[in-house]
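Letter by letter, the chains look like this.
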Amino acid sequence: MQRKLDLRTGIPVWNAYRAPRVTTQRLARDVKCDVLVVGLGISGAMIAEALTAQGLSVIGVDRRGIMLGSTPATTALVQFEIDQPLSELGRQIGQADATLAWRRSRLAVTNLHGRIRELGIRCDMTTAPSLYLAGDTLDPAALRREAEARAGIGIRATYLTPMVLKETFGIERKGAILSQDNLALDPRKLTAGLLKKALERKARFYAPVEVIALAPESGGVGVETRGGPAIAARHVVLATGYELLDMVPSDTHSIISTYAIATKPQKGKLWPGAALIWEASDPYLYLRATADGRVICGGEDENFANEQSRDSLLADKARALSGKLKALFPRLDADAEFAWTGSFGTTTTGLPYIGELPGLPGIFAAQGYGGNGITYSQIASELIATAIAGKDDDDASLFAFDRTSMMRRLTDLAGKFVG
Ligand SMILES: Cc1cc2nc3c(=O)[nH]c(=O)nc-3n(C[C@H](O)[C@H](O)[C@H](O)COP(=O)(O)OP(=O)(O)OC[C@H]3O[C@@H](n4cnc5c(N)ncnc54)[C@H](O)[C@@H]3O)c2cc1C
């Protein structure tokens, strides 16, 4: 059994650009491999590329087809700044773990940048600064403290006063944090590029194929597909996005709805540096530019997962986003040429769950992505490839399904010591 979703509606901006075609086969007979990757969106693509680079034989399957889940709906701001500010995450999981999570995200964006360049994937990638604007969740004083907290753990962050923000970026807000070296890219081109690399290394992709049951057995995992042949794998990685199989713990995971628009290309009218912009507000607004100068603007989240209600609001939400964009940058043509909506997963701490499923040896999952989905897909590909190679990653316990925070681990330890 599985939570199934109608993941998105409307026309995402990526339809304006052509991504390379990736071929899939029909699954006509029983097959075997070292690793089966279930789900061929950006997470499955990153994992398949990483595993084939280790010389493993990889099969990928998808119940829809390649890149037909949430991946084409992403606005693809690839940021190390994770949903929960460092100061807030510290309150939730303890300062030590929050520091590790923020540093790992910084590292992941740097690693992804290097990976794309090394593999020569053409995905319209640009490095961009980012601006985190003061809003109703972090006022200027809190934002200044957040900048200091980040600097204190070695992550560069510059607090901008309203005057500097206005002079440098033409934005009228009460303050902002300026960061450097985030990424903006075309997610379909990146996903296709990674999958093609895996194919060059003899990966096999089958679609449509739906995995309906998994059972650990001696030497690996037995995999049942709907109405089709069986797959035998030494390891299985579930990269099914927001659609979780029943065996994946989901009590800290919830689905909301989110909206986005994109304007026509207007390179000459963009703000300085085409910085990625997002607000410390609820509901928040965020924006970026594409390589040809369209402005993508998203937000207007709703706390429901009902797909009919989500879709019926699309026209109103697109108008609202367009209005907010115009208010921020009056010079821009803020009319929406593309408008779309999608389901969006969040966890209580904003951190994803990545690793082997408790009690199910050989079965790994990468789930629980919020606004930093792509950064977390990169982390998942690093952690899972390392675990399958039989090695340890120091940050594995931070993202593990059975994690407890460092604070709780210490409290438990102290309790045992005193007891
Ligand atoms: C509007 C919007 C804006 C976003 N903006 C950003 C952003 O700016 N930055 C960012 O980092 N992230 C963003 N995200 C999040 C990002 O899109 C996701 O984190 C990412 O696309 C998840 O990729 P995935 O490969 O894990 O999932 P998916 O792309 O959904 O792929 C999972 C695949 O698994 C397949 N599958 C599911 N169950 C089975 C099964 N049983 N058998 C076989 N196949 C199965 C599905 O068909 C699907 O193709 C945004 C999301 C939305 C909706």
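(A) Just the pairing of strand S12 (residues 253–262), in detail. Counted residue by residue, S12 has eight buried out of ten residues, so it is predominantly covered. As paired elements, S12 and strand S15 (residues 295–302) share five bridges and run antiparallel to each other. When the sheet's bridge partners are listed, Ala-260 is paired in S15 with Gly-298.

(B) Looking closely at the nonpolar core. Core analysis: the largest hydrophobic core is formed by 127 residues, its most contacted members being Leu-36 and Val-237. The dominant element in this core, judged by the number of residues it contributes, is helix H9 (residues 373–388), at eight residues. Domain assignment of the residues forming this core places at least three in each of domain 1 (8–73 + 188–251 + 350–415) and domain 2 (126–182 + 254–347). Those residues within four positions of Val-237 in sequence are excluded, and the remaining contacts are Val-35, Val-37, Val-38, Ile-47, Phe-364, Ala-366 and Ile-384.

(C) Local environment of helix H1 (residues 42–53). Taking 1.5 Å per residue as the helical rise, H1 with its twelve residues ought to reach 16 Å, and the 17 Å between its terminal C-alpha atoms agrees with that figure. Buried residues dominate H1, accounting for eleven of its twelve residues. Every buried residue belonging to H1 is among Ile-42, Ser-43, Gly-44, Ala-45, Met-46, Ile-47, Ala-48, Glu-49, Ala-50, Leu-51 and Thr-52, and all of these are buried. In the core, the buried residues of H1 are packed alongside strand S2 (31–38), strand S3 (58–61), helix H6 (187–200), strand S11 (231–238), strand S18 (363–367) and H9.

(D) Geometry of the packing of H1 against H9. At their nearest, the axes of H1 and H9 sit 9 Å apart, and the two run at 35° to each other. Here H1 runs over H9; the crossing is right-handed. Where H1 abuts H9, its residues Ile-42, Ser-43, Met-46, Ile-47, Ala-50 and Leu-51 lie against Ile-374, Ser-377, Gln-378, Ala-380, Ser-381, Ile-384, Ala-385 and Ile-388. Taken together, the residues of the contact of H1 with H9 sort by class into ten nonpolar, four polar and no charged.

(E) How the structure looks around the site of the ligand. By nearness alone, 40 residues border the ligand, and Gly-39, Gly-41, Gly-69, Gly-241 and Gly-373 come closest of all. Counting residues per element, the ones that place at least two in the shell around the ligand are H1, strand S4 (77–78), S12, strand S16 (338–347) and H9. Across the shell around the ligand, the residue classes break down as 16 nonpolar, 19 polar and five charged.

What counts as what
- Residues numbered from 1 in each chain as written.
- Predicted model: local features only at pLDDT ≥ 70, side-chain atom pairs only at ≥ 80, totals over all residues.
- Buried ≥ 20, exposed ≤ 12 C-beta atoms within 10 Å, placed from the backbone.
- Helix = DSSP H or I, 4+ residues; strand = E, 2+ residues; numbered from the N terminus.
- Pairing = 2+ DSSP bridges.
- Core = buried A, V, L, I, M, F, W, Y, C linked by C-beta atoms within 7 Å.
- Domains from an automatic or database assignment.
- Contact = placed C-beta atoms within 7 Å.
- Expected span 1.5 Å × (residues − 1).
- Axes fitted to C-alpha atoms, helices over the stretch in contact; angles between N-to-C directions.
- Left-handed = near helix turned anticlockwise from the far one by under 90°.
- Nonpolar A, V, L, I, M, F, W, Y, C, P; charged D, E, K, R; others polar.
- Near = placed C-beta within 6 Å.

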